[in-house]
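Examining the three-dimensional arrangement
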Amino acid sequence: NSDWVYIDDVVIEGCANNGIQGVIAGNTSKDKAPAEELISSASIEVFPNPAVEELNLRVNTTSEVKAVRIFAITGKLIQTVNIGEYNEGIDVSELNQGIYIISVETDTEVLNKRFIKG
C-alpha cells in the first residue's frame, strides 16, 4: 500500500503530556524520508488561559502563518484573526464564556489549541 511509511531504528528521547518532544531517527525502509520530518516540532501557546479581554498567541514554527481562526467547541467558525495582529494580542472580549479552539494554519499544517473564555 503506497499510503504507508515504515520507519526503522527510531529512538524516542522524551515525552510530555502533549506528545513526543524529540526524536532521533535512523533509517526508513520505504521512501528513505528522515523520521524527524514526519513528526512536527511546530506548536502554539495561548495565554492567559482562561482569557477575559485579550488572548495572546505564540506560534513556534518555521513555516509562514497563513490564517488564524477561532472556532466554538462545536466547530462553528466564530472569528478570523487578521494575520498582522495576532502577535499583538487577540481581542476576545466579545466572545461568550465557554471553550473555544484557536486554529493556526501554516504552509504545511494546521495547529489547534483549546482556550477558555472566562
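In case you missed it, the structure is sitting above this.
Residues numbered from 1 in each chain as written. Predicted model: local features only at pLDDT ≥ 70, side-chain atom pairs only at ≥ 80, totals over all residues. Heavy atoms only, no water.

**As for the sheet that holds strand β7 (residues 90-91)**
Across the sheet, which stays open at both edges, the three strands sit in the order β3-β4-β7 with antiparallel pairing between neighbours. Unpaired on one side and paired on the other, β3 (43-47) and β7 mark the two borders of the sheet. (Pairing = 2+ DSSP bridges. Helix = DSSP H or I, 4+ residues; strand = E, 2+ residues; numbered from the N terminus.)

**Observations concerning the pattern of salt bridges**
Going through the model one piece at a time under the given rule, you end up with four salt bridges. Of the charged contacts, one joins E45 and R58 as a salt bridge, the two residues approaching to 3.3 Å between their closest N and O atoms. Note that E45 is positioned in strand β3 and R58 in strand β4 (residues 54-60), a separation of 13 residues in sequence. Between K66 and E64 there is a salt bridge, with the nearest N and O atoms lying 3.8 Å from each other. Residues joined by salt bridges that share partners form a network here, namely E64, K66 and D107. (Salt bridge = Lys/Arg side-chain N within 4 Å of Asp/Glu carboxyl O.)

**A look at a negative patch on the surface**
A surface patch of negative charge is lined by E53, E54, D91 and E94. With respect to the element layout, D91 can be found in strand β7. Exposure remark for D91: the relative accessible area of 48% places this residue in the partly exposed category. (Patch = residues over 30% accessible without salt bridge, like charges linked within 9 Å, V, L, I, M, F, W, Y side chains within 5 Å. Areas by Shrake-Rupley, 256 points an atom, 1.4 Å probe, with all protein chains shown as cover. Lys, Arg positive; Asp, Glu negative; His and termini not counted. Charge placed at Lys NZ, Arg CZ, Asp CG, Glu CD. Buried < 20%, exposed > 50% of the residue type's maximum accessible area, 1.4 Å probe, protein only.)

**Re the packing of aromatic side chains**
Describing an aromatic ring pair means giving the distance of the ring centres and the angle of the ring planes. Inspection of the entire model under this criterion finds one aromatic pair. With centroids separated by 5.7 Å and ring planes inclined at 25°, the aromatic side chains of Y100 and F115 adopt a geometry described as stacked. With a gap of 15 residues between them, Y100 in strand β8 (residues 98-106) and F115 in strand β9 (residues 110-117) connect regions that are remote in the sequence. F115 matches Y100 in its accessibility class, with the two residues each being buried. (Phe/Tyr/Trp six-rings, centres within 6.5 Å; stacked < 30°, edge-to-face > 60°.)

**Here's the deal with the sheet that holds strand β6 (residues 77-81)**
A sheet is described by the order of its strands in space; here four strands give the open sequence β6-β5-β8-β9, paired in antiparallel fashion. The open sheet is flanked by β6 and β9, the only strands paired with a single partner. Pairs of neighbouring strands in the sheet enclose a mean axial angle of 25°, with direction left out of account. Pairing between strand β5 (residues 65-72) and β6: four bridges, direction antiparallel. The residue bridging V68 from the neighbouring strand is V81, located in β6. (Axes fitted to C-alpha atoms, helices over the stretch in contact; angles between N-to-C directions.)

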